[in-house]
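Remarks on the overall topology
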Amino acid sequence: MTTNGRQPRVAVIGAGPGGYPAAFHAAELGMEVTLIDPEANPGGVCLYRGCIPSKTLLHVASLLGEAEDAAEWGVSFGQPEIDLDRLRSWKDQVISKMTSGLGLLTRARRVRFTRGLARFDGPHALSVEPSDGGDAERLNFDYAVIATGSMPAAPPGFQIDGDRILDSTSALEMADVPDTLLVVGGGYIGLELGSVYAALGSTVTVVEMETGLLPGADRDLVRPLERKLNSAFEEILLSTRVASLNVRPDGVDVELAGARVEVPSRRFDKVLVAVGRRPSSAGLNLAAAGVESDQRGFIKVDHQRRTSAANIFAIGDVAGEPMLAHKATYEANVAAASIAGHAATYDAQAIPAVVFTDPEIAWCGLTESEARESDRPHKVSTFPWAASGRATTLGRNDGLTKLILEPTTERILGVGISGRGAGELIAEGVLAVEMGARADDLRLSIHPHPTTSETLMEAAEVFFNTSPHYIARKRG
Ligand code: FAD
Ligand code: NAD
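Now for a quick tour of the structure. These numbers come from a predicted model, not from an experiment.

**Some remarks on the overall build of the chain**
Secondary structure assignment for the chain yields 14 helices and 22 strands. For 476 residues, the compact-globule estimate of 2.2 N^0.38 gives 23 Å, and the C-alpha radius of gyration of the chain, at 24 Å, lies within 12% of that figure. In terms of overall dimensions, the chain has a C-alpha envelope of 65 × 65 × 40 Å along the principal axes. By the burial criterion, 51% of the 476 residues in the chain qualify as buried. For the chain, contacts bridging at least 24 residues in sequence account for 61% of all contacts bridging at least 6. For the chain, the accessible area works out to roughly 22,300 Å², and carbon and sulfur atoms hold 51% of it. Positive and negative side-chain charges of the chain, numbering 46 and 61 respectively, have mean locations separated by a distance of 3 Å.

Shown next as structure tokens:
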């Protein structure tokens, strides 16, 4: 592929799970690629301050939980001793292993990596402010891919100081394990990081302004988690907001507002604010390049991820919800292929969502709530893990697997799973939805026994009322 007889020059701004795959793919397609990011190596929020450090710590939390559960089965390990310095260093090793690996891959693919913050000077030019000071570098490009991700949001008046008032970034640094922690926001981050701190010994209280935790997920999927968290956390306060936060030398004074709050004035050692994220687009000087964003700062893109400037693409968190790493990577391939002139379009039917709590919650495609709200004809077929042999051997019957089906065609439109390892299991659901599989396809595919993967097959069996292990009560 050439532009005016030479390789097209592509600038990729931001090296997260959107940016680095876009750069790698564009290089494979024969383009001359520069990847720009302030960190020493690619990785982005996901590797440095998001998915990877949080899952490293959640694995430890799950190990602690399982060790505690084992007492029921006659195996006691005694009180765990936590060496926070070693735990922190283990987490940092995981990050460094992965990011340095990406550094090697960047060089191997002959992608030029420039360390700094980019800003547009025009539709074909940008400047990079180097991370180590020095003069800005000017760069001309034929195409650009904006993959600058997102940053934590905070309600007005909440000052994140990284000491008493934390966001996910400072919480993952794990300066200490506070005796008491207030988590504001019962979404992904609040529940994942709240679970980590609770497992390490903090007394955790969660406040969520909506009527339920994880407002986007189906209620039956959330219920098993809610039951577990009710004992892991001190308190979960729904329909509640934080009216004020006042940092004192020895804690944070918090005023809670909500109809069911009995004690509105409380003191916590630390507060974690996890109320969502906002796109990182403000510092890019988008106007100079003719790139339009919406009121919230998300860059507007079409089905190829092309922005209002024909030669500039945007992918990942900065290009809109859902803010998930695998969605960013999917878009990266669409954008790189579109630049190369290949037919590529963003048409995912099933972007999986996984909450890595214990139990995990995962879903893809159409949810039951969405089907109901949109009046879309559907049937739901649920297999409870109480009837799963594998779940029983694990002492974890607290799950369920359900299929959302189109009644006339029996096509699988969505899958929801709540239970241990749900995040791994949902991949089969994604394939089923993307391939347009019908209930029969799942029912007739032999699943290995005893595994929790059988619950997908059994949910299809329930649909035909042929499950050997469970008889569904008729709904409605
Ligand atoms: P990012 O990963 O945000 O990367 C953007 C990069 O661009 C950053 O390195 C940034 O420094 C850089 N940048 C910003 N501005 C500029 C500029 N002007 N010039 C150059 N570079 C710039 N998602 C999942 O799918 N699974 C999970 O388990 C998961 N866990 C998470 C846990 C936490 C605590 C958090 C905060 C997020 C988590 N996410 C998870 C979300 C996931 O991290 C994001 O969806 C994903 O990182 C988005 O990728 P991205 O490439 O769009 O941007
Ligand atoms: P979130 O949108 O998942 O949850 C925020 C929660 O805070 C919501 O339930 C919301 O109702 C609540 N809230 C908002 N304002 C509030 C207030 N003033 N008081 C009380 N509650 C309030 O956002 P998050 O947890 O910050 O995570 C941000 C994004 O990062 C996620 O949406 C997701 O895209 C991504 N993420 C993904 C994973 C994963 O894939 N496992 C993990 C972490 C983060």
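What follows picks up the thread again.
**Some words on helix 6 (residues 188–200)**
Helix length check: helix 6, at 13 residues, gives a terminal C-alpha distance of 19 Å against a target of 18 Å (1.5 Å per residue), a fit within 8%. The element helix 6 is extensively covered by neighbouring structure, given that 10 of its 13 residues are classed as buried. For helix 6, every residue scored as buried is listed here: G190, L191, E192, L193, G194, S195, V196, Y197, A198 and L200. Looking one or two places after helix 6, you find G201, whose phi comes out positive at around 125°.

**Section: the site of ligand 1**
Residues in contact with ligand 1 amount to 38 residues; listed here are only the nearest, G18, D37, K55, A118 and D317. L324 is positioned such that a nitrogen or oxygen atom in its backbone is 3.2 Å from an oxygen atom of ligand 1. Coverage of ligand 1 by the protein chains reaches 91% of its 990 Å² of free accessible surface. If one sorts the elements of the shell around ligand 1 by residue count, helix 2 (residues 44–49) sits on top with four residues. Tallied by class, residues from the shell around ligand 1 come to 19 nonpolar, 14 polar and five charged.

**Some words on the sheet that holds strand 8 (residues 165–166)**
One open sheet accounts for five strands, arranged 8-15-9-10-11; its pairing is parallel. Each of the sheet's edge strands pairs with one partner strand only, and the pair in question is strand 8 and strand 11 (235–237). In this sheet, strand 11 lies alongside strand 10 (residues 203–207) in parallel orientation, the contact comprising three bridges. Counterpart to T205 in the pairing with strand 11 is E235.

**Details of the site of ligand 2**
Neighbouring ligand 2 are 21 residues; I189, E208, G276, M323 and V354 lie closest to it. Here an oxygen atom of ligand 2 sits 3.2 Å away from a polar atom, N or O, in the main chain of Y188. Contact between ligand 2 and I189: an oxygen atom at 2.8 Å from a main-chain N or O atom of the residue. For the shell around ligand 2, the element with the most residues is helix 6, which contributes three residues. Residue classes in the shell around ligand 2 are distributed as 12 nonpolar, four polar and five charged.

**Some details on unusual backbone geometry**
A cis amide bond links D358 with the next residue in sequence, P359, at an omega value of 0°. Relative to the helices and strands, P359 resides in the loop between strand 18 (353–355) and strand 19 (360–365). Following H449, the chain continues into P450 via a peptide bond in cis, with omega recorded as -10°. Of note, P450 is situated in the loop between helix 13 (439–443) and helix 14 (454–464). Positive phi outside glycine occurs at M174, with the angle close to 55°. When you line up the elements, M174 lands in the loop between helix 5 (168–173) and strand 9 (180–184). Backbone geometry places S239, a non-glycine residue, at a positive phi of 45°. Within the element layout of this structure, S239 appears in the loop between strand 11 and strand 12 (241–248). By relative accessible area, S239 is classed as partly exposed at 28%.

**Focus: helix 12 (residues 422–434)**
An ideal rise of 1.5 Å per residue puts 18 Å on 13 residues; helix 12 measures up with 18 Å between its terminal C-alpha atoms. Looking one or two residues beyond helix 12, the residue adopting positive phi is G436, at roughly 65°.

**Observations concerning the state of the cysteines**
Applying the stated criterion across every chain yields a total of one disulfide. The side chain of C46 participates in a disulfide bridge whose partner is C51; the two sulfur atoms lie 2.3 Å from each other. The disulfide joining C46 to C51 has a torsion of about -125° about its S-S bond and is therefore left-handed. For C46, a relative accessible area of 12% puts it in the buried group. Not part of a disulfide, C364 finds its nearest cysteine sulfur in C51, a span of 18 Å.

**Examining the packing of aromatic side chains**
All chains considered together, the criterion is met by five aromatic pairs. Seen from their ring centres, Y330 and Y346 are 5.3 Å apart, and the 70° between their planes marks the pair as edge-to-face. Of this pair, Y330 sits in helix 9 (residues 325–339) while Y346 sits in the loop between helix 9 and strand 18, placing them 16 residues apart in sequence. Measuring from ring centre to ring centre gives 5.1 Å for F463 and F464, while their planes differ by 80°; the resulting arrangement is edge-to-face. For F463, a relative accessible area of 19% gives the class buried. Using a relative accessible area of 25% as the deciding quantity, one classes F464 as partly exposed. The ring centre of Y346 lies 3.9 Å from the NZ or CZ of R305, which sits over that ring.

What counts as what
- Residues numbered from 1 in each chain as written.
- Chains lettered and ligands numbered in written order.
- Predicted model: local features only at pLDDT ≥ 70, side-chain atom pairs only at ≥ 80, totals over all residues.
- Heavy atoms only, no water.
- Helix = DSSP H or I, 4+ residues; strand = E, 2+ residues; numbered from the N terminus.
- Rg over C-alpha atoms; globule rule 2.2 N^0.38 Å.
- Buried < 20%, exposed > 50% of the residue type's maximum accessible area, 1.4 Å probe, protein only.
- Contact = heavy atoms within 4.5 Å.
- Areas by Shrake-Rupley, 256 points an atom, 1.4 Å probe, with all protein chains shown as cover.
- Lys, Arg positive; Asp, Glu negative; His and termini not counted.
- Charge placed at Lys NZ, Arg CZ, Asp CG, Glu CD.
- Expected span 1.5 Å × (residues − 1).
- Near = heavy atom within 4 Å.
- Polar contact = N/O pair within 3.5 Å; in protein donor to acceptor, adjacent residues only side chain to side chain.
- Nonpolar A, V, L, I, M, F, W, Y, C, P; charged D, E, K, R; others polar.
- Pairing = 2+ DSSP bridges.
- Disulfide = S-S within 2.5 Å.
- Phe/Tyr/Trp six-rings, centres within 6.5 Å; stacked < 30°, edge-to-face > 60°.
- Lys NZ or Arg CZ within 6 Å of the ring centre and 35° of its normal.

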